[in-house]
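# Results of the structural survey
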Amino acid sequence: MSAPQEDLDPQAAPSAETPSAGRNPADESAGQPEAAQPGEDLAALLDEAQKQVADYHDQLLRAHAEVENVRRRAQEDVAKARKFGTESFAESLIPVRDSLEAALAQENQTVEDWRQGVEATLRQLNNAFERNQMREIAPAPGDVFDPHRHQAISNVPSEHPQGAVAQTLQKGYLIADRVLRPALVMVSSGPA
């Protein structure tokens, strides 16, 4: 006669009635709730990961918005600096203009009065330059030629050593440490 189907199928799981070798039936029954638990753990982990992704995405959007705000504010500050950067300097020059207009409005002035008025106006202009960190570049004959602050027009023979300033033709100017206009100079080519 033939054996029951359950006994012939080698792939079939062992029945609960006959314990397998090395297995404890108590372990198998305790393992069944664990089989349901990994699915629940995966769902909880997925939910946690999705919450973290949403949180990171929110942080990214906030950081991006902050960067855009900083960039926009910086552009506005640069535009304001360009527009109003000369305001202090312009305010310093207004009294100079007032003095020049007052001098032109005066009639029947002597040469001495004109001279005193021009000297007073020049002092006002020098004060305005000092307040705004504007300084002269006026090399004396014999000073070393500095290509960063001087512009050579020509080389001329002189009693000064070669490469020294022989003559200053026009003063230059600095604002803070930046050259606004280099001094125009003639450079010595040495004794003739």
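Residues numbered from 1 in each chain as written. Predicted model: local features only at pLDDT ≥ 70, side-chain atom pairs only at ≥ 80, totals over all residues. Heavy atoms only, no water.

### Digging into the sheet that holds strand E5 (residues 178–181)
For clarity, the threshold we go by: Two strands pair under a simple rule: DSSP has to find at least two bridges between them. Helix and strand definitions follow DSSP, with helices as H or I runs of at least four residues and strands as E runs of at least two, each counted in order from the N terminus. Lines fitted to the C-alpha atoms define the axes, with helices restricted to the stretch that makes contact. Angles between their N-to-C directions range from 0 to 180 degrees.
With antiparallel pairing, 3 strands are arranged side by side in an open sheet as E1-E4-E5. A single partner strand is all that each edge strand has here, and the edge strands are strand E1 (134–137) and E5. Taken pair by pair, the neighbouring strands of this sheet meet at an average axis angle of 35°, ignoring direction. Of the strand pairs in this sheet, strand E4 (residues 172–175) and E5 are connected by 3 bridges, and their pairing is antiparallel. Paired with Tyr173 across the two strands is Arg181, which belongs to E5.

### Structural notes on the packing of aromatic side chains
Our working definition: Within 6.5 Å between ring centres, the rings of Phe, Tyr and Trp (the latter by its six-membered ring) count as paired, and their orientation is classed by plane angle as stacked under 30 degrees, edge-to-face over 60, tilted in between.
One pass over the structure, following the stated rule, counts 2 aromatic pairs. An angle of 20° between the planes, with centres 6.1 Å apart, marks the rings of Phe89 and Phe129 as stacked. Residue Phe89 is found in helix H3 (residues 87–105), and its partner Phe129 is found in helix H4 (residues 111–131); the two are separated by 40 residues along the sequence. Both rings, one in Phe129 and one in Tyr173, keep their centres 5.9 Å apart while their planes meet at 75°; by these two values the pair is edge-to-face. Of this pair, Phe129 sits in helix H4 while Tyr173 sits in strand E4, placing them 44 residues apart in sequence. An aromatic cluster is built from Phe89, Phe129 and Tyr173, whose rings are joined through pairwise contacts.

### Details of the environment of Leu169
Formally: Here the term buried applies to any residue with accessible area under 20% of the maximum for its type, exposed to any over 50%, and partly exposed to those in between, with areas from a 1.4 Å probe on protein chains only. Pairs of residues are marked as contacts when any of their non-hydrogen atoms sit within 4.5 Å.
Along the chain, the position of Leu169 falls in strand E3 (residues 165–170). When its relative accessible area of 45% is taken as the criterion, Leu169 is described as partly exposed. Setting aside its immediate chain neighbours within four residues, Leu169 contacts Ile153, Leu184, Val185 and Met186.

### Side note on the pattern of salt bridges
Convention followed: The working definition used for a salt bridge is a side-chain nitrogen of Lys or Arg within 4 Å of a carboxyl oxygen of Asp or Glu.
Evaluation of the coordinates by the stated rule reveals 7 salt bridges. Here Glu68 makes a salt bridge to Arg71, at a shortest N to O gap of 2.7 Å. In this pair, Glu68 and Arg71 both sit in helix H2 (residues 25–84), 3 residues apart, roughly one turn of the helix. For Glu68, a relative accessible area of 31% corresponds to the partly exposed category. On the basis of relative accessibility, which here comes to 41%, the residue Arg71 falls in the partly exposed class.

### Remarks on the confidence of the model for the protein
Heads up, the condition is: Every residue is assigned a pLDDT by the predictor, reflecting its confidence on a scale from 0 to 100.
In the predicted model, the protein carries a mean pLDDT of 84, and 81% of its residues have values of at least 70. Ignoring residues within four places in sequence, the model shows residues 1–6, a span with pLDDT below 50, making 2 contacts including any to other chains. Here residues 12–21 scores under 50 on pLDDT; set against residues more than four positions off or in separate chains, the count is 4 contacts.

### Quick notes on the sheet that holds E3
Taken together, the 3 strands give an open sheet; going across it, the order is E2-E6-E3, and neighbouring strands pair in mixed fashion. In this open sheet, the two strands that pair with only one neighbour each are strand E2 (150–156) and E3. Taken pair by pair, the neighbouring strands of this sheet meet at an average axis angle of 30°, ignoring direction.

### Let's talk about the nonpolar core
As a reminder of what qualifies: The set of buried Ala, Val, Leu, Ile, Met, Phe, Trp, Tyr and Cys residues whose side-chain atoms join them within 4.5 Å is what this entry labels a nonpolar core.
Ile137, Val165, Leu174, Ala183, Val185 and Val187 form the largest nonpolar core, which has 6 residues in total. Apart from the residues lying within four places of it in its own chain, the contact partners of Ala183 are Ile137, Pro139, Arg149, His150, Gln151, Gln170, Lys171 and Gly172.

### Considerations on the side chain of His150
Residue position: His150 is located in strand E2. What makes His150 buried here is its relative accessible area of 9%. When near neighbours in sequence (up to four residues on either side) are disregarded, His150 contacts Ile137, Pro139, Val144, Phe145, Val165, Pro182, Ala183 and Val185.

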